[in-house]
Amino acid sequence: MQWTTLLTLALAAPSSALVRFHCSQLVTQRLDPLVNPGLIPSTHVHQIVGGDSFNATMDPKRDMPGESTCTTCQFSDDFSNYWTAVLYFRAQNGSYKRVPQLGNNQFRNANGGLTVYYMQDAIYTPEQKSKVTSFQPGFRMFIGDVLARTLAEAARFRQLTYTCLDTFVTRSPETISFPNRRCKEGIMTSLRFPTCWDGKNLDSPDHMAHMSYPETGTFESGGPCPSTHPVRTAQVMFEVVWDTKPFNNLDWPKDGSNPFVWSFGDATGYANHADYVFGWKDDSLQKILDTPCHFSTNCSESGAKMQSIDDMNKCSQTPVVDEDIDGWLQALPGGFQAQYAPTSA
Ligand SMILES: *[C@@H]1O[C@H](CO)[C@@H](O)[C@H](O)[C@H]1NC(C)=O
Ligand SMILES: *[C@@H]1O[C@H](CO)[C@@H](O)[C@H](O)[C@H]1NC(C)=O
Ligand SMILES: *[C@@H]1O[C@H](CO)[C@@H](O)[C@H](O)[C@H]1NC(C)=O
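Residues numbered from 1 in each chain as written. Chains lettered and ligands numbered in written order. Predicted model: local features only at pLDDT ≥ 70, side-chain atom pairs only at ≥ 80, totals over all residues. Heavy atoms only, no water.

The name given to the chain in an unreviewed UniProt entry is DUF1996 domain-containing protein, and the organism recorded there is Zopfia rhizophila CBS 207.26.

(A) Spotlight on the overall build of the chain. A tally of helices and strands in the chain yields five helices and 18 strands. Its C-alpha radius of gyration of 20 Å places the chain within 12% of the 20 Å reference for a compact globule of 345 residues. Each of the three principal axes of the chain carries a C-alpha extent, and together these read 75 × 45 × 40 Å. Burial analysis of the chain (345 residues in total) assigns 56% to the buried set. Considering only residue pairs separated by 6 or more positions, the chain has 74% of its internal contacts joining residues 24 or more positions apart. Taken as a whole, the chain presents about 14,800 Å² of accessible surface, with 55% of it coming from carbon and sulfur. (Helix = DSSP H or I, 4+ residues; strand = E, 2+ residues; numbered from the N terminus. Rg over C-alpha atoms; globule rule 2.2 N^0.38 Å. Buried < 20%, exposed > 50% of the residue type's maximum accessible area, 1.4 Å probe, protein only. Contact = heavy atoms within 4.5 Å. Areas by Shrake-Rupley, 256 points an atom, 1.4 Å probe, with all protein chains shown as cover.)

(B) Examining the site of ligand 2 more closely. Surveying the vicinity of ligand 2 reveals the residues Ala-91, Asn-93, Ser-95, Trp-328 and Gln-330. In the environment of ligand 2, an oxygen atom lies 2.4 Å from a nitrogen or oxygen atom belonging to the side chain of Asn-93. Within the contact set of ligand 2, an oxygen atom lies 3.4 Å away from a side-chain nitrogen or oxygen of Trp-328. For ligand 2, whose free accessible area comes to 360 Å², the fraction covered by protein is 45%. When its residues are assigned to classes, the shell around ligand 2 shows two nonpolar, three polar and no charged. (Near = heavy atom within 4 Å. Polar contact = N/O pair within 3.5 Å; in protein donor to acceptor, adjacent residues only side chain to side chain. Nonpolar A, V, L, I, M, F, W, Y, C, P; charged D, E, K, R; others polar.)

(C) Summary view of the environment of Trp-262. Structurally, Trp-262 is set in strand E17 (residues 260-262). Judged by its relative accessible area of 2%, Trp-262 is buried. Here the alpha-carbon distance between Trp-262 and Phe-89, two residues 173 residues apart in the chain, equals 8.8 Å. In this structure the side chain of Trp-262 is engaged in a polar contact, spanning 2.8 Å, whose partner is the side chain of Tyr-162.

(D) Region of interest: the pairing of strand E4 (residues 81-85). With five of five residues buried, E4 lies mostly within the body of the structure. Sheet analysis places strand E3 (residues 46-50) next to E4, joined by five bridges and oriented antiparallel. Pairing of His-46 across the sheet is with Ala-85, part of E4. As paired elements, E4 and strand E18 (residues 274-277) share four bridges and run antiparallel to each other. (Pairing = 2+ DSSP bridges.)

(E) Structural context of the sheet that holds E17. Pairing within the open sheet is antiparallel, and its three strands lie in the order E6-E5-E17. Single-partner strands in this sheet number two, and they are strand E6 (96-98) and E17. Across this sheet, the average inter-strand angle for adjacent strands is 35 degrees, counted without regard to direction. (Axes fitted to C-alpha atoms, helices over the stretch in contact; angles between N-to-C directions.)

(F) A look at the environment of Pro-60. Residue position: Pro-60 is located in the loop between E3 and helix H2 (64-67). Among the residues examined, Pro-60 registers a relative accessible area of 41% and is labelled partly exposed. For the pair Pro-60 and Val-277, spaced 217 residues apart in sequence, the C-alpha to C-alpha distance is 9.0 Å. In this structure, Pro-60 is in contact with Gly-138 and Arg-140, ignoring residues within four places of it in sequence.

(G) The arrangement of unusual backbone geometry in detail. Following Ile-40, the chain continues into Pro-41 via a peptide bond in cis, with omega recorded as -5 degrees. In the segment running from Ser-172 into Pro-173, the intervening peptide bond is cis, with an omega of 0 degrees. For Pro-173, the location among the structural elements is in the loop between strand E10 (160-164) and strand E11 (174-175). One non-glycine residue with positive phi stands out, namely Gln-106, at about 75 degrees. Within the fold, Gln-106 resides in the loop between strand E7 (101-102) and strand E8 (114-119). At His-207, a position not held by glycine, the phi torsion is positive, near 60 degrees. If you trace the backbone, His-207 turns up in the loop between strand E13 (196-197) and strand E14 (211-212).

(H) Highlighting empty space enclosed by the protein. Under the criterion given, the structure shown has three cavities of 30 Å³ or more. Taken as a whole, the largest cavity holds about 60 Å³ of empty space. Forming the walls of the largest cavity are Ala-154, Phe-157, Gln-159, Leu-160, Ile-176, Tyr-270 and Asn-272. Class assignment of the residues belonging to the lining of the largest cavity gives a composition of five nonpolar, two polar and no charged. (1 Å grid on protein atoms, 1.4 Å probe; cavity = no way out; pocket = protein on both sides within 12 Å on 5 of 7 lines; lining within 4 Å. Points joined across faces, edges and corners; volume = space filled by probe spheres on them.)

(I) How the structure looks around the confidence of the model for the chain. When pLDDT is averaged along the chain, the result is 92; 94% of the residues meet or exceed 70. Long-range and interchain partners of residues 1-14, a stretch whose pLDDT sits below 50, account for two contacts in this model, where long-range means more than four residues apart. (pLDDT = per-residue confidence, 0-100.)

Set out below in structure tokens:
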């Protein structure tokens with residue numbers, strides 16, 4: 001046997017990490033350094049987690065770990081920022097009220113926020129075998145379409161979904177539009193980013209073109225990356241639990257439509273989208289990915305630095321945008337009203 005074959009086998013043998021961890025809320029406000037850099041306020045309200053160097057402008061050359069004093073994420077070397085839009089409930093009188101987030105299963109004590117996964121294979125067990133490349137400082141990406149209001153417009157994105165939580169651990173079925181019934185324990189959104197990188201660009205004008213889905217098949221089926229985007233990365237996935245429970249007792253639309261609306265007005269759910277700005281310290285993410293740890297339960301045993309949920313909850317930012325996002329509002333912050341699917345001709 002050739003030495004190179006032996007080396008390949010030796011490197012391939014140990015299994016790799018399936019990373020799943022929570023990040024508490026850092027701040028909820030209208031800022032978006034990826035899509036609206038420098039704009040204060042940005043178009044719509046976001047909920048942001050991660051390092052406290054988050055700001056209206058995030059130059060890719062900035063040293064996010066160096067500029068942060070804390071992070072809301074369980075891995076204390078992760079100063080990345082992860083964010084999504086926020087949900088509002090639209091009452092029958094037309095006013096809106098923000099839906100808060102809850103700490104996900106196993107992280108109930110967290111102050112809202114979201115759960116992040118870095119998956120190497122499409123299974124939830126520790127047997128992750130694929131070798132993936134970490135993202136680099138300055139890397140960022142976006143997934144989804146803020147303007148999508150139909151299934152056809154949402155169809156070019158795989159796996160931006162909703163789960164109606166009958167119990168806190170319901171994980172299927174997943175839908176592409178908002179659930180159309182009262183969900184006993186809340187609504188979970190799952191947002192999965194593409195897994196093939198062009199290997200050159202840290203960003204692109206639409207924040208998506210430097211990433212691609214597999215050429216054939218899917219991440220789940222182990223499909224190969226296209227030659228234009230040959231570098232296989234971990235699948236970044238967010239799970240966000242929205243506490244819709246308190247709204248289940250209020251009046252809902254008589255026509256059976258759902259009363260929830262994204263902060264930019266989408267009442268269909270098709271415009272589900274997510275933002276990611278990489279900010280792990282040095283090579284800490286690659287090191288974790290290369291060790292056989294599972295979820296966040298035993299990653300510290302393989303050398304990863306972790307912090308307690310209490311410490312995550314202590315890290316927060318004061319909003320720089322001074323406006324009411326939490327009262328009963330006549331319009332969504334930024335002036336949006338609910339937009340429904342176009343009526344078919
Ligand atoms: C955000 O940027 C402004 C302007 O550069 C700066 O004054 C402020 O301290 C920054 N905020 C944080 C939380 O880093
Ligand atoms: C609209 O309805 C909500 C929910 O019932 C209520 O709390 C709110 O006060 C109402 N707002 C107005 C302006 O009537
Ligand atoms: C962590 O737990 C998983 C699953 O129980 C196991 O396969 C793995 O070897 C463990 N890793 C460490 C570093 O203990």
